[in-house]
Amino acid sequence: MKQQQLLEDLESRVAFQEDALDKMSAEMANQGAEIARLSQIIKILHQQVKQFSPDQISAPADDVPPPHY
């Protein structure tokens, strides 16, 4: 009887671990897709920033704080 209970406990643990591994694998796949998407966004933003000419960007001295500061 005791061996049967131990076997059932082990089977239950293995099933739980398999489920956890499946969930982690799916989450890793989702994160990989999200990283790829964010990398593409960064590339697009980098290209857009490179298109600015220096005269389109204001100098820090030109950014005067409002009078109430």
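Here the structure is shown first, and the text comes after it.
Quick look at the structure, then.

Calculation notes
Starting from 1, residues in each chain are numbered consecutively following that chain's sequence as written. Selection of residues for local features in this predicted model requires a pLDDT of at least 70, selection of side-chain atom pairs for listing and counting requires 80 or more, and totals for whole chains, interfaces and linings are taken over all residues. Hydrogen atoms and water are omitted, and side-chain values are computed over all heavy atoms in the structure. Helix and strand labels come from DSSP, where a helix needs a run of H or I of at least four residues and a strand needs a run of E of at least two; each type is numbered from the N terminus. The reference for a compact globule is 2.2 Å times residues^0.38; the radius of gyration itself is calculated from the C-alpha atoms. Partly exposed residues are those whose accessible area sits between 20% and 50% of the maximum for their type, while under 20% is buried and over 50% is exposed, using a 1.4 Å probe and protein chains only. For every accessible area listed, the method is Shrake-Rupley and the probe measures 1.4 Å; residues are considered covered only by the protein chains on display. Charged-residue counts in this description rest on Lys and Arg as positive and Asp and Glu as negative, His and the chain ends being excluded. Taken as the charge location is NZ of Lys, CZ of Arg, CG of Asp or CD of Glu. Definition used for salt bridges: Asp or Glu carboxyl oxygen within 4 Å of a side-chain nitrogen of Lys or Arg.

## Topic: the overall build of the chain
Phase 1 of the analysis: On a plain count of helices and strands, the chain comes out with 1 helix and 0 strands.
Phase 2 of the analysis: Taking 69 residues into account, the globule formula puts the C-alpha radius of gyration at 11 Å, and the chain, at 28 Å, lies well above it.
Phase 3 of the analysis: Each principal axis of the C-alpha distribution contributes one length, and for the chain these read about 85 × 35 × 10 Å.
Phase 4 of the analysis: Expressed as a percentage of its 69 residues, the buried residues of the chain come to 0%.
Phase 5 of the analysis: Only carbon and sulfur atoms are counted for the fraction: they give 61% of the accessible area of the chain, which is about 6800 Å².
Phase 6 of the analysis: Within the chain, the 11 negative side-chain charges are centred at a point lying 4 Å from the centre of the 6 positive side-chain charges.

## Topic: the pattern of salt bridges
Phase 1 of the analysis: Under the defined criterion, the tally for this structure stands at 2 salt bridges.
Phase 2 of the analysis: Note that R37 and E34 form a salt bridge whose closest N and O atoms lie 2.8 Å from each other. Of this pair, R37 and E34 are both found in helix α1 (residues 2–50), 3 residues apart, which corresponds to roughly one turn of the helix.
Phase 3 of the analysis: For R37, a relative accessible area of 44% translates into the label partly exposed.
Phase 4 of the analysis: The partly exposed category is assigned to E34, whose relative accessible area is 36%.

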